[in-house]
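# Structure assessment
Next come the chains, spelled out residue by residue.
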Amino acid sequence: MTGNMDSDKEEFLREFGDDYGYPNAPKSIDEIRATEFKRLDHDGLVYLDHAGTTLYSETQMEAIFKGLTTSVFGNPRILRIIFCLTFVGANMPDEEVCNNGKPFLMPDFLNLDSQSDSSLATAEIIRETRQQVLDFCNASARDYKCIFTSGATAALKLVGEAFPWSSQSTFMYTMENHNSVLGIREYPFGRETVLVGPKYALSKGATSFAIDIEEAAHEDGGCKSPVSSIKFLQRPTLRRNEATLLEEEPSGNAYNLFAFPSECNFSGSRFGLHLVNTVKDDTVRVLEGSPYCKGRWMVLIDAAKGCATKPPDLSKYQADYVIISFYKIFGYPTGLGALVVRTEAAKLLKKSYFSGGTVAASIADIDFVKRREGIEEFFEDGTISFLSIASLHQGFKILNTLSMSAISRHTASLATYSRKILSTLRHGNGGYVCTLYGRHESEVLYDELGPIISFNLKRPDGSWFGYREVEKLASLSGIQLRTGCFCNPGACAKYLGLSHLDLLSNIKAGHVCWDDHDIVNGKPTGAVRVSFGYMSTFEDAKKLVNFIVSSFASWPTQAERVDPSRARSICFPDEGLKRSTAKYFLRSVTVYPIKSCAGFRVDSWPLSSTGLLHDREWLLKSLSGEILTQKKVPEMCLISTYIDLNLGILFVESPRCKVKLQIRLRTDFSTAGGDELDLYSQRYEVRGYDNEVSIWFSHAVGRPCNLLRCSGSKNSFCPERGKTKGMCRDVETKLNFVNGAQLLLISEESVSDLNNRLSSNVQEGLGGPPIQVNPMRFRPNLVISGGAPYAEDEWRSLKIGNQNFVSLGGCNRCQMINLNPQEGEVRRSREPLATLATYRRVKGTILFGILLRYDNSNEVGQDMDSWLQVGQEVHPNTD
């Protein structure tokens, strides 16, 4: 492995050595990673989500902390002392005017500035930082101002609220824009026609539309200039507030706004900044006579992503508004952005609200306000985040040490290398593995691609791997990436080829942002995105490529067909195989009374219409309504439970609680009536407990919560069999608080085979320290022994003693099985799920064990015929 890595890197350096690794900087890329980002190598983490946020360095944070602990930063706002006066007449000079139009004089004795030395020093730091931001964009302080905001979205909202919209205005934007840019077309108070306060584009009766940009055809064969070689293709126009629509075409006096990203956060496509000059000077031509080309056009660049590697040069392309997000540039601070605004464009913005920092003077009991004259102070409401602003200096210091041009070349080399390999990957049958988005041939429309790679993966049969499956497996491999549409619906639809009908159909099917519906009607609803930062290395890129190859590329060799240890997915036997002659026995029975808490093992236990009696009959619910599970609260596995049927008591213990809790099965409910709870597409009738029980569990899990008990379920529910053979039929099933089925069964032989593979990984140097798992890691109700590993996969039904059960297929495993309670604490690892993923994957799921339904619809009494007992023989049926 090391030899291959070395030869691959040598080949990479032959092609990209001049651009990779900061050869002219004080530290090489390897030294930067070893000294500034030790946390990545310590955790074995490959971080490839720099478009989401890049990482701060250790030196950066040490310098910031030192500055905070050795300096005194005062509030930089000037304190203007204003006495509350009563208006005394109209015969006063015109220096100050009330909002009601009457003249008013502000006496000199009222203008009392109070500012300490620490405040003055902080104000000077802020002034210097504003200049750093302008220098970063090569912007003159005479022509541009830097307004600090709470983030890029706040900067966009400021423009949307304050822009001089009218019914003659147009808001035009490229399809490749973030949701925060699209929001400019809206207005804050719904679809009403009469609004008070700030208005966004459509609320004023303005027109909005998206555009696609194409290269114009040239027949003269001559050289093409950017201005003369593009045209805008207008998408459908959007207008609201019909009461204010005018019959005539837009006039030449209206102000219009055009928005585009310097770098698309979906695909990495970088728009040529000549668009700024094109829109300002040649809108009539590029819109080909559209009635919306008239008026004065202002241009907004969303540079939140682009600034991380290639900030816009505002000396060449004088955009009116530029959006910046600092955590995307150097990781810290978060919650701070900037609007770099052209001075003349700032004067057009209309602002209604005023706050303490934006006024020079105001009087409480008459309609008087004098606003501050400085552009920055006029728009920065309240006290700005001066401590965060002071920390920006350290981030810029790092970038200046490396230089932005070197950062751009370094990240481009990694992205180009990765794209090149991913684009050529093929399955054994010749089909391409990766479909990449954002590659463009036109040098007129786009600059080179940024350090983002957006893609989806295909199986050998041409179907898609779901991006959630990719994300899940990447996480198990220590690779952090991002999936979905990245809040960029236009680019997502455009590159994935999703029509409006597709999008509406997806929404109707239940797909919304952040959910797990990654494939709908056979098409991806989003993509996988990896992105490189200034501290990314060749090793990061190589590990990404190796992960894609090992997890998703298929080469069906003869050896693979006969050696199940090398298979990437489960191969189920053909129909018609004879029933196995192996003998199986029930080795253990475990009941889990409280969802996600520890269970208890028994030699025998009664069955009920919901499976094992009292199994998952209770759960914990936070005060906000969230159902608590080990995924969110791993410490829940440390809460032990036991039910004594003779006493009729549920005993609960926690290492955080000195007293053992006792809950009587027949009483102990609170006096309040029952309630209803929706969970996993099922509606439950539930009962709560008194305050004493809630306090105990709140202490046990470290957060306020309540214990609820299921007293009945109303809807039938039937899970699918994970796309394995024998899909579940529509049969009514009574369930307690289980994820998908009444019972879970695993075999000792399957666990033993998994442990052998875990040991082999360590021996081959593919894993960390030795790890072995016992059956209880998988929280089974039933453990059996006998036969071959994974023989249970093909069972259609089974009988244990005299009780019948129906198999509902494999159990889809999640990272919960990677939680390992040891010595009173819970430890996380990537195993055993990472190993299971290499050979137990079926269509995006990782299966281990099978789900069962108790095949008896009658209420069961507590006689021996209705009990399961350890040692009983298990009779499977594969027909």
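All of these numbers come straight from a predicted model, not from anything done at the bench.

### Details of the environment of proline 23
Structurally, proline 23 is set in the loop between α1 (2-16) and α2 (29-36). Between the C-alpha atoms of proline 23 and leucine 402, which are 379 residues apart in sequence, the distance is 9.5 Å.

### Re the sheet that holds strand β29 (residues 640-644)
Strands in a sheet are paired, the pairing made by backbone hydrogen bonds, and the direction either parallel or antiparallel. Judged by pairing direction, the sheet is antiparallel, and its 3 strands sit side by side in the order β29-β30-β31 without closing on themselves. Strand pairing shows two members of the sheet lacking a second neighbour, β29 and β31 (661-664), which therefore form its edges. Here the average twist between neighbouring strands, direction ignored, is 20°. Note: β29 against strand β30 (residues 649-653), 5 bridges, orientation antiparallel. Of the residues in β30, the one forming a bridge with serine 640 is glutamate 653. Across the sheet, helix α19 (residues 691-701) is in contact with β30 and β31; its angle to β31 comes to roughly 135°.

### Quick notes on unusual backbone geometry
A cis geometry characterises the amide bond from tyrosine 332 onward to proline 333, with omega recorded as 5°. For proline 333, the location among the structural elements is in the loop between α9 (327-330) and β14 (337-342). Here the residue pair glutamate 831 and proline 832 is connected by a cis peptide bond, since its omega of 10° sits within 30 degrees of zero. Of note, proline 832 is situated in the loop between β40 (825-828) and α21 (833-839). Positive phi values are uncommon outside glycine, yet asparagine 138 reaches one of about 50°. Position of asparagine 138 among the secondary structure elements: in the loop between α5 (117-136) and β6 (144-149). A positive phi is found at serine 403, a non-glycine position, where the angle reads about 85°. Mapped onto the elements, serine 403 comes out in the loop between α12 (386-402) and α13 (404-424).

### What about the sheet that holds strand β26 (residues 604-608)?
The 3 strands are arranged β27-β26-β43 in an open sheet whose pairing can be described as antiparallel. Two strands lie at the open edges of the sheet, namely β27 (611-612) and β43 (867-869), each paired on one side alone. Bridging between β26 and β27 involves 2 bridges; their strand directions are antiparallel. Bridge pairing links leucine 607 to leucine 612 in β27.

### Here's the deal with the UniProt feature "active site" (unreviewed entry) in the protein chain
Sequence positions flagged by UniProt for "active site" (unreviewed entry) are, in local numbering, Cys487. Within the secondary structure, cysteine 487 is located in the loop between β20 (482-484) and α15 (489-496). The class of cysteine 487 is partly exposed, set by a relative accessible area of 26%.

### Here we look at the packing of α13 against helix α17 (residues 538-552)
Viewed as axis vectors pointing N to C, α13 and α17 meet at an angle of 15°, and their least axial separation amounts to 10 Å. Compared by their axis directions, α13 and α17 come out roughly parallel. For the element pair α13 and α17, the recorded crossing hand is right-handed. Each of Leu414, Tyr417, Ser418, Ile421 and Leu422 in α13 lies in contact with α17, whose residues at this interface are Phe538, Ala541, Lys542, Val545 and Ile548. Among the residues forming the contact of α13 with α17, the class breakdown is 8 nonpolar, 1 polar and 1 charged.

### Quick notes on the state of the cysteines
Disulfide: a covalent bond formed between the sulfur atoms of two cysteine residues. One pass over the full model with this rule turns up 1 disulfide. A sulfur-sulfur distance of 2.1 Å marks the disulfide that ties cysteine 485 to cysteine 492. Here the disulfide of cysteine 485 and cysteine 492 is left-handed, its torsion about the S-S bond being about -45°. For cysteine 492, a relative accessible area of 1% puts it in the buried group. Looking at cysteine 146, it has no disulfide partner, and the nearest cysteine sulfur is the one in cysteine 137, 8.6 Å off. Here cysteine 705 is not cross-linked by a disulfide; its sulfur's nearest cysteine counterpart is in cysteine 597, at 9.1 Å.

### Regarding the confidence of the model for the protein chain
Mean pLDDT for the protein chain: 83, with 80% of residues reaching 70 or above. Ranking the elements of the protein chain by mean pLDDT puts helix α18 (residues 558-562) last with 37 and strand β13 (residues 321-325) first with 97. Across residues 79-100 the pLDDT falls below 50, and counting only partners more than four positions away or on other chains, this stretch makes 55 contacts in the model.

What counts, and where the lines are drawn
- Residues numbered from 1 in each chain as written.
- Predicted model: local features only at pLDDT ≥ 70, side-chain atom pairs only at ≥ 80, totals over all residues.
- Heavy atoms only, no water.
- Helix = DSSP H or I, 4+ residues; strand = E, 2+ residues; numbered from the N terminus.
- Pairing = 2+ DSSP bridges.
- Axes fitted to C-alpha atoms, helices over the stretch in contact; angles between N-to-C directions.
- Contact = heavy atoms within 4.5 Å.
- UniProt positions renumbered as here; feature names shortened; annotations may be inferred.
- Buried < 20%, exposed > 50% of the residue type's maximum accessible area, 1.4 Å probe, protein only.
- Parallel < 35°, antiparallel > 145°, perpendicular 65-115°, else oblique.
- Left-handed = near helix turned anticlockwise from the far one by under 90°.
- Nonpolar A, V, L, I, M, F, W, Y, C, P; charged D, E, K, R; others polar.
- Disulfide = S-S within 2.5 Å.
- pLDDT = per-residue confidence, 0-100.

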